[in-house]
Amino acid sequence: MNKLKSIFNWKMIYFLAFVMIIPKQAFAMHIMEGFLPIEWAIFWWAVTIPFLILGFRSIRKTIKENPDTKMMLGLSGAFAFVLSALKIPSVTGSCSHPTGVGLGTVLFGPFAMSIVGFIVLLFQSLLLAHGGLTTLGANAFSMAVVGPIIAYGVYKGATKAGLSFAFAVFLAAALGDLGTYLVTSVQLALAFPSEVGGFFASFTKFSGIFALTQIPLAISEGILTVVIMNFLKKYNVAELKALRVFSKGAEQR
């Protein structure tokens, strides 16, 4: 059984690595380098840094208690990297794309994904020209901080409400994705308020444009996350139990 789990994990990582090297169009990116005014770029960095500290502590504790989960942590990062690199141009200076943080959030919690998501965004900005270093704080706050927090809250709430494990995972991934883009809309509206209507007019415009592409993407991400989680549920039950992914009796549902 351990050999089968190892083979599955390596095959999954090879698949995700293969997808990562498929060329992407250069204009497809997160909030791009230099797009935010410097004061807002600094503000979002300052807000994000405390969550990175919490994330580092969370990962260190998890790995110390469960060393065998390192492979699944790497899988979570690769999954987020691939999905968030699949871009559909949307609002000027940004884009729509899946986030991929729902999987890792269910497995490791929201704070761990702040570090994983930050590293994903850093590598994308350096290697793929997706996003930027000055806007990394803003992109990380929306995708690696708020998105996972929403996904985690939804997952815990859904399981406590007695919903099936698969449906709870779907809701967590989909709503975490949508939450990311609501925050991105807030960030853009704060930086670029409308001359008529101010912040609220800009927020309505940005979120409305994002919704056209993001709602279908969120649903697709939710379904894909459930598919991956079902594979992990089949081959990595021990690791999932060690990470306390299952609520009482959830693995049977």
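Residues numbered from 1 in each chain as written. Predicted model: local features only at pLDDT ≥ 70, side-chain atom pairs only at ≥ 80, totals over all residues. Heavy atoms only, no water.

For this particular structure, what's the right way to read the UniProt feature "transmembrane region" (unreviewed entry) in the chain?
UniProt's entry tags residues 12-32, 38-59, 108-129, 136-155, 161-179 and 209-232 with the feature "transmembrane region" (unreviewed entry), counted in the numbering of this structure. Summarising residues 108-129: 86% helix, 0% strand, and an end-to-end C-alpha distance of 28 Å. Here residues 161-179 is 79% helix and 0% strand, with 21 Å between the C-alpha atoms at its ends. (UniProt positions renumbered as here; feature names shortened; annotations may be inferred. Helix = DSSP H or I, 4+ residues; strand = E, 2+ residues; numbered from the N terminus.)

I would appreciate a short explanation of the confidence of the model for the chain in the present structure.
Should the pLDDT be low somewhere, the predicted coordinates at that spot are not to be read in detail. Summarising the model, the chain shows a mean pLDDT of 83, and 83% of its residues fall at 70 or more. Predicted confidence for residues 13-29 stays below pLDDT 50, and this span has 23 contacts to residues more than four positions away or in other chains. (pLDDT = per-residue confidence, 0-100. Contact = heavy atoms within 4.5 Å.)

Help me understand the side chain of Thr-180, please; the structure alone is not making it clear to me.
Relative to the assigned elements, Thr-180 resides in helix α7 (residues 165-191). By relative accessible area, which is 3% here, Thr-180 ends up buried. (Buried < 20%, exposed > 50% of the residue type's maximum accessible area, 1.4 Å probe, protein only.)

Would you mind going over unusual backbone geometry with me for this structure?
Leaving glycine aside, a negative phi is the common case for residues, and trans is the common case for peptide bonds. A positive phi is found at Arg-244, a non-glycine position, where the angle reads about 60 degrees. In this fold, Arg-244 is placed in the segment after α9 (237-242). Assessed through its relative accessible area of 60%, Arg-244 is described here as exposed.

What's the story with the environment of Ala-80 in this structure? I'm lost.
Relative to the helices and strands, Ala-80 resides in helix α3 (residues 70-84). Ala-80 sits in the buried class, given a relative accessible area of 0%. On a C-alpha basis, the gap between Ala-80 and Met-143 in space is 10.0 Å, while along the polypeptide they are 63 residues apart. Residues contacting Ala-80, with those up to four places away along its chain left out, are Thr-99, Gly-100 and Val-120.

Would you mind going over the packing of aromatic side chains with me for this structure?
The relative placement of two aromatic rings is captured by the distance of their centres and the angle of their planes. The full count for this structure, using the stated rule, is eleven aromatic pairs. With a centroid separation of 6.1 Å and an interplanar angle of 10 degrees, the aromatic rings of Phe-167 and Phe-170 are classed as stacked. Linking Phe-167 with Phe-170, this pair stays in helix α7, spanning three residues, or about one helical turn. A residue is classified by how much of its surface remains accessible, and Phe-167, at 39% relative accessible area, is partly exposed. Connected via pairs of aromatic rings, a cluster forms that spans Trp-40, Phe-43, Trp-44, Phe-51 and Phe-141. (Phe/Tyr/Trp six-rings, centres within 6.5 Å; stacked < 30°, edge-to-face > 60°.)

In this structure, what is going on with helix α4 (residues 101-108)? I would like to understand it.
Three- or four-residue spacings in an α-helix give side chains the same orientation, since the helix completes a turn every 3.6 residues. Counting buried residues along α4, eight of its eight residues qualify, which places the element largely inside the surrounding structure. Positioned one or two residues after α4, Gly-109 has a phi angle of 95 degrees, which is positive.

Mind showing me how you'd approach the nonpolar core here?
Inside soluble globular proteins, nonpolar side chains tend to come together where they are buried. Ranked by internal contacts, the top residues of the largest apolar core, which has 42 residues, are Leu-107, Tyr-155, Met-229, Leu-232 and Val-245. Considering each element in turn, this core owes the most residues, eight residues, to α3. Ignoring anything within four residues of it in the chain, the contact list for Val-245 reads Val-106, Leu-107, Tyr-155, Phe-165 and Leu-240. Formed by 14 residues, the second largest nonpolar core is a distinct cluster that contains Ile-31, Ala-189, Phe-206 and Phe-210. (Core = buried A, V, L, I, M, F, W, Y, C linked by side-chain atoms within 4.5 Å.)

I keep staring at the packing of α4 against helix α5 (residues 110-127) and nothing clicks. Help me out?
Packed helix pairs are specified by the crossing angle of their axes together with the interaxial distance, meaning the distance between the axes. Put simply, α4 and α5 touch, their axes get as near as 7 Å, and they point 140 degrees apart. Taken together, the axes of α4 and α5 are oblique relative to one another. α4 and α5 meet at a crossing whose hand is right-handed. Only Pro-110, Ala-112 and Met-113 of α5 make contact with α4, whose side of the interface consists of Val-101, Gly-104, Thr-105 and Phe-108. (Axes fitted to C-alpha atoms, helices over the stretch in contact; angles between N-to-C directions. Parallel < 35°, antiparallel > 145°, perpendicular 65-115°, else oblique. Left-handed = near helix turned anticlockwise from the far one by under 90°.)

Teacher, can you tell me more about the packing of α3 against helix α8 (residues 198-235) here?
Packing of α3 against α8 brings their axes to within 13 Å, and their N-to-C directions diverge by 160 degrees. Judged by the inter-axis angle, α3 sits roughly antiparallel to α8. By crossing handedness, the relation of α3 to α8 is classed as right-handed. Every residue of α8 that contacts α3 at Met-72, Leu-75, Phe-79 and Leu-83 is listed here: Glu-221, Leu-224, Thr-225, Ile-228 and Leu-232. Classifying every residue of the contact of α3 with α8 by side-chain character gives seven nonpolar, one polar and one charged. (Nonpolar A, V, L, I, M, F, W, Y, C, P; charged D, E, K, R; others polar.)

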